[in-house]
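Descriptive analysis of the structure
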Amino acid sequence: MGLRSRHAQGDGCGVSEDDARKPLTKLAQAGRRPEWTGMPGQPGGIVSPPVWRASTILYDDVAHLRKAAGSSTHERLFYGRKGTPTAWSLADALTELEPGADGTMLFPSGVAAIACALMAVLKPGDRLLMVDSAYDPTRNFCEQVLRPWGVETIYYDPTSLSLDAHLADGPIRALFLESPGSLTFEVQDVPALAAWAKANGVVTLIDNTWATPLYFPALSHGVDISILAGTKYIVGHSDVMIGSVSATADWFGRIRQGAYLFGQMVSPDDAWLASRGLRTLGIRLAQHRDSALAVARWLADQPDVARVLHPALPDFPGHDVWRRDFTGSTGLFSFILKGGDEAARAALIDGLAHFGIGYSWGGFESLALPVDPARYRSVTRWEAEGPAVRLHVGLEDPADLIADLDAGLARFRAARDGGRA
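Every value quoted in this text rests on a predicted model; they were computed, and no experiment measured them.

It is worth spelling out the overall build of the protein chain at this point. Across its full length, the protein chain holds 14 helices and 12 strands. Computed over its C-alpha atoms, the radius of gyration of the protein chain comes to 23 Å, within 12% of the 22 Å expected for a compact globule of 421 residues. Principal axes of the C-alpha set define a box for the protein chain whose edges measure 80 × 55 × 35 Å. Counting every position in the protein chain, which comprises 421 residues, the buried fraction comes to 54%. Summed over all atoms, the accessible surface of the protein chain reaches about 17800 Å², with 55% contributed by carbon and sulfur. Of the charged side chains in the protein chain, 40 are positive and 48 negative, and the gap between their average positions amounts to 4 Å.

Structure, rendered in structure tokens:
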């Protein structure tokens, strides 16, 4: 019958509460239900669910068509926009990785996942608390879509432990978290904020792309809705755009309905590639973690580096909360140069041999990006000793990356000091 799943059969897709499998075992087995990997009436099955491409689904007769339309279409062949077993398998796997999730919906990008999750829980007149260190496209959606639609977005300090002051002007509908924060990596006390939200009837959403459920199972820490840009570590190869939203039983139905109403879906080929990447997530993240820490520790000792913004470093603000809540770190962090200007920073980045220059992260390749956090703040002030550089440390040998950065810092120093060695 193929690999047996712990999933309950039927329309529900929550994972059994007694699932004691370790994370690496889940990564290898998740989403491989017999109905996704075998043929009816045939013993055994293939290892990976195949690519099922479809738009039109054919029915035996009118009665069959009417019956299909009158029942739940979730994880049932109905029309291509509702998905095929290729996508359902990936959604299943992500649900299994997120204890407490009732289900997962897939989206064509991480931004689409964020947008649809927010639209599923908000309505005109609602008030949204948005972390001030959020991903820039999340802020853009709040300002350019939600605000004109009648949703008030209120930005808050990511280091806040109490948000009571924001209740003075009326109830809050939703609280959005991102921990660590984009660009500057502030670590939020997610369990405390989630507890505050529950006590005040506020739904919580988190962008959990940096850690993934492997290193931070967000729903287990009290969050209602967890969002991933699967483009990053889930895919792992910089060749697919995909997003996901996993939610508790209280919210999954609304997420699913919103996705259907907005016509959100992913192609079977992209879902298959993401499923393929998922199987090696554990070993890739471990390598990203170890190599990034080696690079971060080296940078912290360099005289031309003012600060390294990496939550796993003991002197980083929020490290104690990170150590309490997270089981690992990943490959993305930033560092602040000591003095210098845009031209000096560009001299460092432009000459790098082993770091590409580009947006996104989470792939096998290392990336370096100039970042300017002050541009993306509303209620907190960003001040630094010099320009900032965000690194994604890929799967190259860290010794090569360190040598590359060493040469880059020499170029930076020469440019900063007016050409003097």
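So that's the structure; there's more coming.
Moving on: the pairing of strand E5 (residues 203-207). Within E5, 5 of the 5 residues are buried, leaving the element largely enclosed by the surrounding structure. In terms of strand pairing, strand E4 (residues 174-178) meets E5 through 5 bridges, oriented parallel. The residue bridging Leu175 from the neighbouring strand is Thr204, located in E5. Tracing the backbone out of E4, into helix H7 (residues 190-199) and back to the parallel element E5 gives a crossover that is right-handed. Direction of pairing for E5 relative to strand E6 (residues 225-228): parallel, over a ladder of 3 bridges.

This part takes up the pattern of salt bridges. Counted by the stated rule, this structure contains 20 salt bridges. The residue Arg289 makes a salt bridge to Asp290 at a minimum N-O spacing of 2.8 Å. The class for Arg289 is partly exposed, based on a relative accessible area of 24%. Where Arg345 meets Asp372, a salt bridge forms, and the shortest distance between an N and an O atom there is 3.1 Å. Taken together, the positions of Arg345 in helix H13 (residues 342-350) and Asp372 in the loop between strand E11 (366-371) and strand E12 (388-392) put the pair 27 residues apart, joining distant regions of the chain. Judged by its relative accessible area of 2%, Arg345 falls in the buried class.

Strand order in the open sheet made by the 7 strands is E1-E7-E6-E5-E4-E2-E3, with mixed pairing throughout. Looking along the sheet, the strands with just one partner apiece sit at the ends: strand E1 (103-107) and strand E3 (152-156). The sheet shows a mean angle of 20° between the axes of neighbouring strands, taken without regard to direction. As paired elements, E6 and strand E7 (residues 243-247) share 4 bridges and run antiparallel to each other. Counted as the bridge partner of Ile225 is Ala247 from E7. In the packing of helix H5 (residues 110-121) onto the sheet, the strands contacted are E1, strand E2 (127-131), E4, E5, E6 and E7, and the crossing angle to E6 comes to about 160°. Docked against the sheet, H7 engages E2, E4 and E5, running at close to 175° with respect to E4.

Moving on: the packing of H5 against helix H9 (residues 249-261). At a closest axis distance of 9 Å, the pairing of H5 and H9 adopts a crossing angle of 115°. Taken as axis vectors, H5 and H9 run roughly perpendicular relative to one another. Relative to H9, H5 is oriented so that their crossing is right-handed. Facing Ala117, Ala120 and Val121 of H5, the residues of H9 in contact are Trp251, Arg254 and Ile255. Tallied by class, the residues present in the contact of H5 with H9 amount to 5 nonpolar, no polar and 1 charged.

Examined against the element boundaries, Ala101 turns out to sit in the loop between helix H4 (85-96) and E1. For Ala101 and Ser246, which are 145 residues apart along the polypeptide, the C-alpha to C-alpha distance reads 5.9 Å.

Another aspect to go through is the state of the cysteines. What the rule picks out here adds up to 0 disulfides. For Cys142, which is in no disulfide, the shortest distance to another cysteine sulfur is to Cys116 and amounts to 14 Å. For Cys142, a relative accessible area of 0% translates into the label buried.

Applying the stated criterion to the full structure yields 4 aromatic pairs. Here the aromatic rings of Trp210 and Phe326 are separated by 6.1 Å at their centres, their planes lie at 75°, and the arrangement is edge-to-face. You can see Trp210 sitting in the loop between E5 and helix H8 (212-215) and its partner Phe326 sitting in the loop between helix H12 (319-325) and strand E9 (332-337), a full 116 residues away along the chain. The class of Trp210 is buried, set by a relative accessible area of 4%. Taken together, Trp210, Phe216, Trp322 and Phe326 form an aromatic cluster joined through their ring pairs. Seen from the ring of Tyr155, Arg139 lies directly overhead, with NZ or CZ sitting 4.4 Å from the centre.

To continue, consider unusual backbone geometry. Residue Ser179 is joined to Pro180 through a cis peptide bond whose omega torsion reads -5°. On the secondary structure map, Pro180 appears in the loop between E4 and H7. Unusually for a residue other than glycine, Ser238 sits at a positive phi of about 55°. By secondary structure assignment, the location of Ser238 is in the loop between E6 and E7. Phi is positive for Ser360, close to 75°, though the residue is something other than glycine. Tracing the backbone shows Ser360 in the loop between strand E10 (355-356) and E11.

Cut-offs applied
- Residues numbered from 1 in each chain as written.
- Predicted model: local features only at pLDDT ≥ 70, side-chain atom pairs only at ≥ 80, totals over all residues.
- Heavy atoms only, no water.
- Helix = DSSP H or I, 4+ residues; strand = E, 2+ residues; numbered from the N terminus.
- Rg over C-alpha atoms; globule rule 2.2 N^0.38 Å.
- Buried < 20%, exposed > 50% of the residue type's maximum accessible area, 1.4 Å probe, protein only.
- Areas by Shrake-Rupley, 256 points an atom, 1.4 Å probe, with all protein chains shown as cover.
- Lys, Arg positive; Asp, Glu negative; His and termini not counted.
- Charge placed at Lys NZ, Arg CZ, Asp CG, Glu CD.
- Pairing = 2+ DSSP bridges.
- Right-handed = clockwise from strand over helix to strand, strands pointing away.
- Salt bridge = Lys/Arg side-chain N within 4 Å of Asp/Glu carboxyl O.
- Axes fitted to C-alpha atoms, helices over the stretch in contact; angles between N-to-C directions.
- Contact = heavy atoms within 4.5 Å.
- Parallel < 35°, antiparallel > 145°, perpendicular 65-115°, else oblique.
- Left-handed = near helix turned anticlockwise from the far one by under 90°.
- Nonpolar A, V, L, I, M, F, W, Y, C, P; charged D, E, K, R; others polar.
- Disulfide = S-S within 2.5 Å.
- Phe/Tyr/Trp six-rings, centres within 6.5 Å; stacked < 30°, edge-to-face > 60°.
- Lys NZ or Arg CZ within 6 Å of the ring centre and 35° of its normal.

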